[in-house]
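Coordinate inspection notes
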Amino acid sequence: MRSFLRSRLVVPLLVCACALAAFSLWQRLAPVEPEKAAPAVLRVGMEDHYPPMAFMDAQGRHTGFDHDMAEALCHQINAKCEFVIGSFDDILRMMSAGELDILVAGLAALEPRKQFMNFTEPYYSSSPIYIGRPGLAISEDGLRGKRLAAQIGSMQLDILKKNWSDIATVLEVPFKNIFGLLARGEVDVVLVDAVASYDFLKSEAGRDFSMLGDPLQINDVLSLARIGVRKSDRELTEALNRAIKTLRVNGEYNRITRAYFPFNIY
């Protein structure tokens, strides 16, 4: 009886062992699809003058919140940043032409931009604000006949054109010129991202100006800043999303933020 039971147990075990061996052999012989990873070097588009997010310091080095975030993200995914610096409209054009891997420039995920890039999860939040001399009303009566300005290619420019172009003159200018025009009285009001106005409002040149009305609370598309990623690269987009979460958890995000802002921008 024992011999019979032993034979009843041994045969199935041998069959299983043979099957496992065959499966293991098949695994070794089957072609393995390599996991896609971020390239060793990422071509990172960034603005030339958008303080405190991206700008040249006194030593001529490119720096800023966006610059430091890009460096930290590249390090987190084991890649090296190769910065491509230009005006906002230039780097958007380069991204659409496939000349960049990522674009770190506080982007709103607008539908036309989705035609040529993916977007990460948000890496900071902000809202558009009007800046001008105190007392000027953001209304039809207050802005009638006035000169308004916003950055070329920005969603702030789209807002000005949509809401005020029938009663005011709307100018599209490079960001590096926008506060100079305001300070010299060449425009009456500018519409800019709130975090990008921080340096101007705390400066000597900005002491005679203030935010007019409340920040524009339009929708999450316009208030959440994201990183653009080369079109259809899901793996790189997901890697950057994980990196953003990691930097938030390990304290690196807060360390970078404190270097430029005394308040939370997430």
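In what follows, the structure referred to is the one given above.
Described in the following lines is the structure provided in the data block. Values in this document were obtained by computation on a predicted structure and should not be read as measured data.

**A look at the state of the cysteines**
Tallied over the full model, the rule gives 1 disulfide. Paired through a disulfide, Cys-74 and Cys-81 show a sulfur-sulfur distance of 2.3 Å. Between Cys-74 and Cys-81, the S-S torsion sits near 100°, and that sign places the bridge as right-handed. Each member of the pair, Cys-74 together with Cys-81, is buried.

**Some details on the nonpolar core**
Nonpolar side chains in soluble globular proteins tend to be buried together. Counting residues in hydrophobic clusters, the biggest one holds 50 residues, and the most contacted among them are Val-44, Phe-65, Ile-102, Tyr-123, Tyr-124, Ile-131 and Val-190. Beyond its immediate sequence surroundings of up to four residues, Val-44 is in contact with Ala-70, Cys-74, Cys-81, Glu-82, Phe-83, Val-84, Leu-100, Ile-102 and Val-104. Of all hydrophobic cores here, the second largest spans 17 residues; its members include Leu-148, Ala-150, Leu-157 and Leu-191.

**What about the sheet that holds strand β10 (residues 169-173)?**
In spatial order, the strands read β10-β9-β11-β8-β12; together these 5 strands make up an open sheet with mixed pairing. Each edge of the open sheet is held by one strand with a lone partner, namely β10 and β12 (210-212). Within the sheet, the average angular offset between the axes of one strand and its neighbour, ignoring direction, is 35°. The pairing of strand β8 (residues 128-132) with β12 spans 3 bridges and is classified as antiparallel. Looking at the pairing, Ile-131 lines up with Met-211 of β12. Docked against the sheet, helix α5 (residues 155-164) engages β8, β9 (147-151), β10 and β11 (189-193), running at close to 150° with respect to β9.

**Structural notes on unusual backbone geometry**
The residue after Pro-51, namely Pro-52, is reached through a cis peptide bond having omega 0°. Along the chain, the position of Pro-52 falls in the loop between β1 (41-47) and β2 (55-56). In this structure, Asn-78 takes a positive phi of about 60° despite not being glycine. Mapped onto the elements, Asn-78 comes out in the loop between α2 (65-76) and β4 (80-86). By relative accessible area, Asn-78 is classed as exposed at 69%. Unlike most non-glycine residues, Ser-232 shows phi in positive territory, near 70°. One can find Ser-232 in the loop between β13 (224-230) and α9 (234-250).

**Section: the pairing of β8**
Counting buried positions along β8 yields 5 of 5 residues, so the element is predominantly enclosed. Taking every second residue as pointing to the same face, both faces of β8 are buried, with Pro-128, Tyr-130 and Gly-132 on one and Ile-129 and Ile-131 on the other. Where β8 meets β11, 5 bridges bridge the pair, whose relative direction is antiparallel. Within the sheet, the bridge partner assigned to Ile-131 lies in β11 and is Val-190.

**Looking at α9**
Helix length check: α9, at 17 residues, gives a terminal C-alpha distance of 24 Å against a target of 24 Å (1.5 Å per residue), a fit within 8%. Among the residues of α9, those classed as buried are Leu-236, Thr-237, Ala-239, Leu-240, Asn-241, Ala-243, Ile-244 and Leu-247. Those residues of α9 that are buried lie in contact with β1, α2, β5 (102-107), β6 (117-119), β13 and α10 (252-258).

**Some points on the packing of aromatic side chains**
Counted by the stated rule, this structure contains 13 aromatic pairs. Aromatic pair Phe-65 and Tyr-253: ring centres 6.0 Å apart, planes at 85°, arrangement edge-to-face. With Phe-65 in helix α2 and Tyr-253 in helix α10, this residue pair connects regions lying 188 residues apart in the sequence. With respect to class, Phe-65 is no different from Tyr-253; both count as buried.

Rules of the game
Residues numbered from 1 in each chain as written. Predicted model: local features only at pLDDT ≥ 70, side-chain atom pairs only at ≥ 80, totals over all residues. Heavy atoms only, no water. Disulfide = S-S within 2.5 Å. Buried < 20%, exposed > 50% of the residue type's maximum accessible area, 1.4 Å probe, protein only. Core = buried A, V, L, I, M, F, W, Y, C linked by side-chain atoms within 4.5 Å. Contact = heavy atoms within 4.5 Å. Pairing = 2+ DSSP bridges. Helix = DSSP H or I, 4+ residues; strand = E, 2+ residues; numbered from the N terminus. Axes fitted to C-alpha atoms, helices over the stretch in contact; angles between N-to-C directions. Expected span 1.5 Å × (residues − 1). Phe/Tyr/Trp six-rings, centres within 6.5 Å; stacked < 30°, edge-to-face > 60°.

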